[in-house]
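For reference, the chains in residue letters:
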Amino acid sequence: MSFFGKPKYSKILIKKKDIPPGLWEKCKSCKEIIHKKQLEENLMACPKCNFLYPLPSAKRIESLIDEGTFVEMFADLISADPLKFVDSKPYNVRQEQSLKKTGLKEAVITGWGKISGLDIGLAVMDFAYMGGSMGSAVGEKITLLIEFAVERGLPVAIVSASGGARMQESTLSLMQMAKTSAALGKLRRKNLPFISILTNPTTGGTTASFASLGDVIIAEPKALIGFAGPRVIEQTIKQELPEGFQRSEFLLEHGLIDMIVERKDLKDTVHFIFDFFMNNKKKLKKGNNGKGTLKNLKLAKSII
Ligand SMILES: [Zn+2]
């Protein structure tokens, strides 16, 4: 009965090479089939539904900073392991594996460059490196960058993507919260603006320190932003959380962030705000402890 059986050539017709592997992807959100190259060209935002995939730190810098102007700083700083911490594997092994996986030495890239012609200090966290956790070196790099900006009179932007403080460094990582916050205090006393950009996810000690201290706090759409994760809160308070809890839109409605900006519009928005602050800075009186910056923030908000 082979005449009625499955044609022998069926396998030839759907040869694998007709659909090259790795070129297409099914969108996690809208389930549409999307071309990977198109996704990359669209800054990892789904061209069909605008769902945001993680953007690697190098690509983020490329999307914000004018071509060829970014100068990386403090690139060789990595966390030591004074506690010789071991969980399911030793901390130094985790560091080596993360380096191999991401090509990054730490969970943040710091440096300075031009955003539409304006010099800024920029730090970009990368969730792919140990969940973007804030260890001693991450805190140190961010602090050094802010101090550099204070010295040079530059505004600062930090793009966060972080699971919080790095547990393998215990108290040493928690101390970074105070250190980075104190550095931002110096920036403020110089009347230099700081824009905090929150991406999915920004949680824990990162949210509880520099990420929440922006003169303007911007979030990407639908980003998870909070201190403890929603599951932990639900288990603690034994209540179901409202829909959209800890997402950008919910936080905007409740006043925790200033604005939600699409990824493709971030560069123009950040430039606009910095340009506004820096050009009005000259009018501020010296030593007014940042009151002028606040006044300008109100002005900027009324314009935006
Ligand atoms: Zn989609």
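For the structure itself, consult the block above.
Only a predicted model underlies this, so the values are computations on that prediction, with no experimental measurement involved.

Thresholds, definitions, all that
- Residues numbered from 1 in each chain as written.
- Predicted model: local features only at pLDDT ≥ 70, side-chain atom pairs only at ≥ 80, totals over all residues.
- Heavy atoms only, no water.
- Helix = DSSP H or I, 4+ residues; strand = E, 2+ residues; numbered from the N terminus.
- Buried < 20%, exposed > 50% of the residue type's maximum accessible area, 1.4 Å probe, protein only.
- Contact = heavy atoms within 4.5 Å.
- Areas by Shrake-Rupley, 256 points an atom, 1.4 Å probe, with all protein chains shown as cover.
- Salt bridge = Lys/Arg side-chain N within 4 Å of Asp/Glu carboxyl O.
- Donors = N, O, S within 2.8 Å, 3.2 Å for Na, K, Ca; no water.
- Tetrahedral: all angles 85-135°; square planar, octahedral: opposite > 155°, others 65-115°.
- Patch = residues over 30% accessible without salt bridge, like charges linked within 9 Å, V, L, I, M, F, W, Y side chains within 5 Å.
- Pairing = 2+ DSSP bridges.
- Core = buried A, V, L, I, M, F, W, Y, C linked by side-chain atoms within 4.5 Å.
- Polar contact = N/O pair within 3.5 Å; in protein donor to acceptor, adjacent residues only side chain to side chain.
- Axes fitted to C-alpha atoms, helices over the stretch in contact; angles between N-to-C directions.
- Parallel < 35°, antiparallel > 145°, perpendicular 65-115°, else oblique.
- Nonpolar A, V, L, I, M, F, W, Y, C, P; charged D, E, K, R; others polar.

Novice: Please explain the overall build of the protein as it appears in this structure.
Specialist: Along its length, the protein carries 11 helices and 9 strands. Across the 304 residues in the protein, those meeting the buried criterion constitute 44%. Within the protein, contacts between residues separated by at least 24 positions form 67% of all contacts whose residues are at least 6 apart in sequence. When the accessible surface of the protein is summed, it comes to about 17,000 Å², and 58% of that surface belongs to carbon and sulfur atoms.

Novice: Looking at this model, I keep getting lost on the pattern of salt bridges. Mind explaining?
Specialist: A pair can form between side chains of opposite charge whenever their charged atoms are brought close. Using the criterion set out here, one finds 13 salt bridges in the structure. A salt bridge links E220 to R60, with the shortest nitrogen-to-oxygen separation between them at 2.9 Å. Note that E220 is positioned in the loop between β8 (216-219) and α8 (230-237) and R60 in helix α3 (residues 57-64), a separation of 160 residues in sequence. Here E220 matches R60 in class, with each residue buried. Taking the shortest distance from any N to any O, the salt bridge between K114 and D119 comes out at 3.0 Å.

Novice: Where do I start with the environment of I195 in this structure?
Specialist: Following the sequence through the fold, I195 ends up in strand β7 (residues 194-202). Its relative accessible area of 0% is what places I195 among the buried residues. Note: C-alpha distance between I195 and A211 (16 residues apart in sequence) is 8.9 Å. In this structure, I195 is in contact with V156, A157, I158, V216, I218, V270, I273 and F274, ignoring residues within four places of it in sequence.

Novice: Can you help me understand the coordination of the zinc ion in this one?
Specialist: Any two of four tetrahedral donors ideally make an angle of 109.5 degrees at the metal, while pairs among six octahedral donors ideally make 90 or 180 degrees. The protein atoms that coordinate the zinc ion are C27 (SG), C30 (SG), C46 (SG) and C49 (SG), at distances of 2.3 Å. Considering all 4 donor atoms around the zinc ion, angles at the metal cover 106 to 115° and the coordination shape is tetrahedral. Read from N- to C-terminus, the donor residues coordinating the zinc ion fall into the pattern C-x2-C-x15-C-x2-C.

Novice: Would you mind showing me how to read a nonpolar patch on the surface here?
Specialist: Where nonpolar side chains cluster on the molecular surface, the patch consists of L23, W24 and I33 and spans about 290 Å² of accessible area. Inspection of the secondary structure assignment puts L23 in the loop between α1 (10-13) and β1 (24-26).

Novice: Sorry, what's going on with the pairing of strand β5 (residues 118-125) here?
Specialist: The side chains of a regular strand alternate, residue by residue, between the two faces of the sheet. Counting buried residues in β5 gives 7 out of 8 residues, a clear majority hidden from the surface. The pairing of strand β4 (residues 108-115) with β5 spans 8 bridges and is classified as antiparallel. If you follow I109 over to β5, its bridge partner there is V124. Count of turn residues in the β4/β5 antiparallel hairpin: 2 residues, of which S116 carries a positive phi of about 45°. As defined by bridge partners, β5 adjoins strand β6 (residues 156-162) across 4 bridges and the pair is classed as parallel.

Novice: When you look at the nonpolar core in this model, what are you seeing that I'm missing?
Specialist: In summary, soluble globular proteins display a tendency toward joint burial of nonpolar side chains. Judged by nonpolar contacts, the single largest core of 58 residues is most densely connected at L122, L187 and I218. Counting residues in hydrophobic clusters, the runner-up holds 7 residues, among them L39, C46, Y53 and L55.

Novice: Hey, could you run me through the side chain of E169 in this one?
Specialist: The topology assignment puts E169 in the loop between β6 and α6 (170-189). Assessed through its relative accessible area of 3%, E169 is described here as buried. Of note is the side chain of E169, whose polar atom sits 2.8 Å from the side chain of S79. Within the structure, E169 has its side chain in polar contact with the side chain of Y91 (distance 2.5 Å).

Novice: Honestly, the packing of helix α5 (residues 136-152) against α6 in this entry has me stumped. Any pointers?
Specialist: Helix-helix packing is described using two parameters, namely the angle between the two axes and the distance between the axes. Running from N to C, α5 and α6 cross one another at 10°; their axes reach a closest spacing of 9 Å. By the angle between their axes, α5 is roughly parallel relative to α6. Across the interface between the two elements, S136, G139, E140, I142, T143, I146, E147, A149 and V150 of α5 pack against L172, Q176, K179, T180, A183, L184, K186 and L187 of α6. Taken together, the residues that form the contact of α5 with α6 break down as 8 nonpolar, 5 polar and 4 charged.

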